[in-house]
Structures are given as C-alpha cells and as structure tokens.
Amino acid sequence: MPPNENALSHIVLVVDDVPENLSLLHDALDEAGHTVLVATNGEAALQRARQSLPEVILLDALMPGMDGFEVARRLKADFTTQHIPIVFMTGLTETEHIVAAFAAGGADYVTKPIRPAEVIARIAAHITNARQMRQARSALDAFGQATVAVRAADSRIVWQTPLARTLLNTYFANPETVAPEELLAWIAAARRARGEGREPASLLISEGNKRLLASFHDRTGDDEWLVVLREENDASAVESLISAFRLTQREAEVLYWVVRGKTSKDIGDILGSSPRTVDKHLEHVFEKLGVETRTAAANLAMGRMRGN
C-alpha cells in the first residue's frame, strides 16, 4: 500500500535482527497506515533514528553486538533523538529485564511472540502523546518562551526551547544535555519550598544588572520538571514600564526601584535626586497608574514586568 499524506507523518522505526519479525511488523504497520523503516543492528538503528526522527521506535532488547538496552541509552543521550518514545520488544519477562528496559529509557514494552494488533495499539498511544508534546513545544518556541524540561534524577535536560538554550549557554556555558548545577540546586530548593507550602524564590543567578529568573510551569513526568526561564535587567524593565504606563524615563526609574523595595532616600541616592524629588515623581506615577500607595503601584508594575 503506498503511503498516503497522513502516513508520512507516522514514521515507525523497527529494530530487530530476525528477518521474520521485521517482515511481520512491517506488513502490519504498513497496512495500518504507517511509514515503516527497519534496522537489523544497533549502529544502523542509531543512524536511521538520527536521520529520519521517527515518532516511535520498536526496539528488540536482545541483538548480537550492541543490544537494545545500549541502543536506547545512546538514543536518550543524544539531544536529537532523546524525545522519541521507545517500545521494547522482548521475550524476557523477568522483573529485572523489564526494569532494565525502563531504566534504559523505554516508554513501554511488548512481549514476544509479537502480536501485531497489540503493537499497533501500543504505538498509537505513544504517537499521540509524542505529537501533543511536539505541538506544545512548538507553541512555546513560537511565543519565544525560554522553557526547559529537566529530569532531576540524572540531571538530564529532556528538551529545551531555543531561547532556553541561549540563556543557559549565556549564563552557564551549558552543554546540550546536562542541566547546570545552579539550575538543579534551584529545582531542589523550589521543590522543598512547595512541599512546605511556600512560594519558591524566583532568582536563579544574578550578574551585575542582569538576573536570570526561574519558575515552575508543570511536572511533565516522573521526576521531570518544566521550568520557565526569564532574563531581567534594569534597562529592559524600565523600558517596559515606560511602554506600559506612559511614564517618563525618570518616573519609570523611580517606579522600578520602588518595585525593588527601595525607599525614597535610597532611590534618591541611586538616581542622584533628593527624596522630595523622588516623592514628586511618585505622585505622578500614582496618578498615571490609578493607585494611591507604593504597594499598589509596585504590585501593578511587577505584574507588567513579568508579562502579566
């Protein structure tokens, strides 16, 4: 059956060293509307996976040379292929082997002898999940979100948006696949704070007048945490206040330092003005924001600076 337009987006890579298994699965998956790629050994599987980026991989656990467990570990260590769900095919049903399959990065397993209908049902669920995750990532990319998913157990970056990669490289010279120690420490501290009913601190690192802030977005899986990063600096924050509230440069600077918790005297020292002049600017700020107190002004400004 020639692949139709929809099937082209359902690419399944089948890895098995037994020709009969490959033939059985190829025919069943092709009839179900999938585009099927095959590999008969570990090295070929790695090459095919990197080139074609299938939506799911059916992987034989026991093969001569590089076995399926090692293939899975290498796929999960490669940033290009680590997002692809792996379904192990195995005749080994002992608990230790099942545990080994999941430890190597498997998302699911089916037992031999292979039942094509079961395999098709299993991979359909993983294809749907993979598509939903890809759509979510594409949306984050499109909106310029700096978002990173971290698996805290082994410090791995499961995936990250382009902006997140840029920020991590800028602040930590970070490799593609391993989360920086500072981010792991922040995740651990933030998890403790949440467990104690406290709001996690947002500051991840500060360099001069620039700050990298972090916040939890969601938990994506077992010990996988979705973290949103945001760079903040004095100049950009002031510009955002000018734009949001039609303030003058000096009014925006005063409001910015109010948000940072500074007193009128502190702000006067920073800006080279008297406390009286600062208070005069604040009166104009209150009027433009429609508030009456420093706290109300700070809360309103903070929300706008965070993009709310």
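Anyway, here's the lowdown on the structure attached to this text. The structure displayed is predicted, hence computed values, not measured ones.

## Re unusual backbone geometry
Then comes step 1: That bond from Lys112 to Pro113 is cis: its omega, 5°, falls within 30 degrees of zero.
Then comes step 2: Positive phi, normally seen in glycine, also occurs at Ser155, with a value near 65°.
Then comes step 3: Mapping Ser155 onto the fold places it in the loop between β6 (146–151) and β7 (156–160).
Then comes step 4: Positive phi, normally seen in glycine, also occurs at Arg246, with a value near 55°.
Then comes step 5: As for its position among the elements, Arg246 is in the loop between α8 (234–245) and α9 (249–259).
Then comes step 6: Classification of Arg246 as exposed rests on a relative accessible area of 74%.

## Some points on the environment of Pro275
Then comes step 1: Relative to the elements of secondary structure, Pro275 occurs in helix α11 (residues 275–289).
Then comes step 2: Residue Pro275 is classed as partly exposed on the basis of its relative accessible area, which comes to 38%.
Then comes step 3: Sequence separation of Pro275 and Lys265 is 10 residues, and the distance between their C-alpha atoms is 5.0 Å.
Then comes step 4: Aside from chain neighbours lying at most four places away, what touches Pro275 is Ser264 and Lys265.

## Regarding the nonpolar core
Then comes step 1: By size, the foremost hydrophobic cluster in this structure holds 25 residues, and its most contacted members are Leu241, Leu247, Leu255 and Leu289.
Then comes step 2: Elements represented by at least two residues in this core include exactly α8, α9, α10 (264–271), α11 and α12 (294–305).
Then comes step 3: The element contributing the most residues to this core is α9, with 7 residues.
Then comes step 4: Look past the residues within four positions of Leu247 in its chain and what remains in contact with it is Leu241, Ile242, Ala252, Leu255, Val285, Lys288 and Leu289.

## A word on the sheet that holds strand β1 (residues 11–15)
Then comes step 1: Strand order in the open sheet formed by 5 strands is β2-β1-β3-β4-β5, and the pairing between neighbours is parallel. The outermost strands of the open sheet, each flanked by one partner alone, are β2 (35–39) and β5 (108–111). If you compare each strand with its neighbour and ignore which way they point, the axes differ by 20° on average.
Then comes step 2: When strand β4 (residues 86–90) meets β5, the two strands line up parallel, connected through 4 bridges. If you follow Thr90 over to β5, its bridge partner there is Thr111.

## Quick notes on the packing of aromatic side chains
Both the distance between ring centres and the angle between the ring planes are used here to describe each pair of aromatic rings.
Then comes step 1: Across all of its chains, the model carries 6 aromatic pairs by this definition.
Then comes step 2: Look at Tyr256 and Trp257: their rings are 5.0 Å apart centre to centre, the planes differ by 75°, and that puts the pair in the edge-to-face class. Assigned by exposure class, Tyr256 and Trp257 land together as buried.
Then comes step 3: Through successive ring pairs, a cluster of aromatic residues spans Trp186, Phe216 and Trp225.

## Concerning the pattern of salt bridges
Then comes step 1: Tallied over the entire structure, the rule returns 14 salt bridges.
Then comes step 2: The partner of Arg74 in a salt bridge is Glu70, with the nearest N and O atoms 3.0 Å apart. One end of the pair is Arg74 and the other is Glu70, both in helix α3 (residues 68–77) and 4 residues apart, which spans about a single turn.
Then comes step 3: Given the relative accessible area of 25%, Glu70 is considered partly exposed.
Then comes step 4: Asp154 is the partner of Arg151 in a salt bridge, and the nearest nitrogen-oxygen pair spans 3.0 Å.
Then comes step 5: The exposure class assigned to Asp154 is partly exposed, which follows from its relative accessible area of 38%.
Then comes step 6: Linked by salt bridges that have partners in common, Glu43, Glu70, Arg73 and Arg74 make up one network.

## With respect to helix α6 (residues 162–172)
Then comes step 1: Those residues of α6 not exposed but buried are Ala164, Leu167, Leu168, Tyr171 and Phe172. The buried side chains of α6 occupy one side of the element, clustering within an arc of 95° when seen end-on.
Then comes step 2: Looking one or two residues past α6, Ala173 carries a phi angle of roughly 50°, positive in sign.

## A short note on the environment of Ala104
Then comes step 1: The residue Ala104 is located in the loop between α4 (95–103) and β5 in this model.
Then comes step 2: According to the relative accessible area criterion, Ala104 is buried, its value standing at 4%.
Then comes step 3: Separated by 36 residues in the primary sequence, Ala104 and Gly68 place their C-alpha atoms 8.9 Å from one another.
Then comes step 4: Sequence-distant contacts of Ala104, defined by excluding residues within four places in its chain, comprise Phe69, Ala72, Arg73, Lys76 and Phe88.

## Structural notes on the packing of α9 against α11
Then comes step 1: Contact pair α9 / α11: the axes reach a minimum separation of 9 Å and the direction vectors enclose 90°. Here α9 is positioned roughly perpendicular relative to α11, judged by the angle of their axes. Between α9 and α11, the residues in contact are Arg250, Glu251, Val254, Leu255 and Val258 and Val278, His281, Leu282, His284, Val285, Lys288 and Leu289, respectively.
Then comes step 2: By residue class, the composition of the contact of α9 with α11 is 7 nonpolar, 2 polar and 3 charged.

Scoring rules and cut-offs
- Residues numbered from 1 in each chain as written.
- Predicted model: local features only at pLDDT ≥ 70, side-chain atom pairs only at ≥ 80, totals over all residues.
- Heavy atoms only, no water.
- Helix = DSSP H or I, 4+ residues; strand = E, 2+ residues; numbered from the N terminus.
- Buried < 20%, exposed > 50% of the residue type's maximum accessible area, 1.4 Å probe, protein only.
- Contact = heavy atoms within 4.5 Å.
- Core = buried A, V, L, I, M, F, W, Y, C linked by side-chain atoms within 4.5 Å.
- Pairing = 2+ DSSP bridges.
- Axes fitted to C-alpha atoms, helices over the stretch in contact; angles between N-to-C directions.
- Phe/Tyr/Trp six-rings, centres within 6.5 Å; stacked < 30°, edge-to-face > 60°.
- Salt bridge = Lys/Arg side-chain N within 4 Å of Asp/Glu carboxyl O.
- Arc of directions from axis to C-beta.
- Parallel < 35°, antiparallel > 145°, perpendicular 65-115°, else oblique.
- Nonpolar A, V, L, I, M, F, W, Y, C, P; charged D, E, K, R; others polar.

Read these as geometric descriptors, not functional statements.
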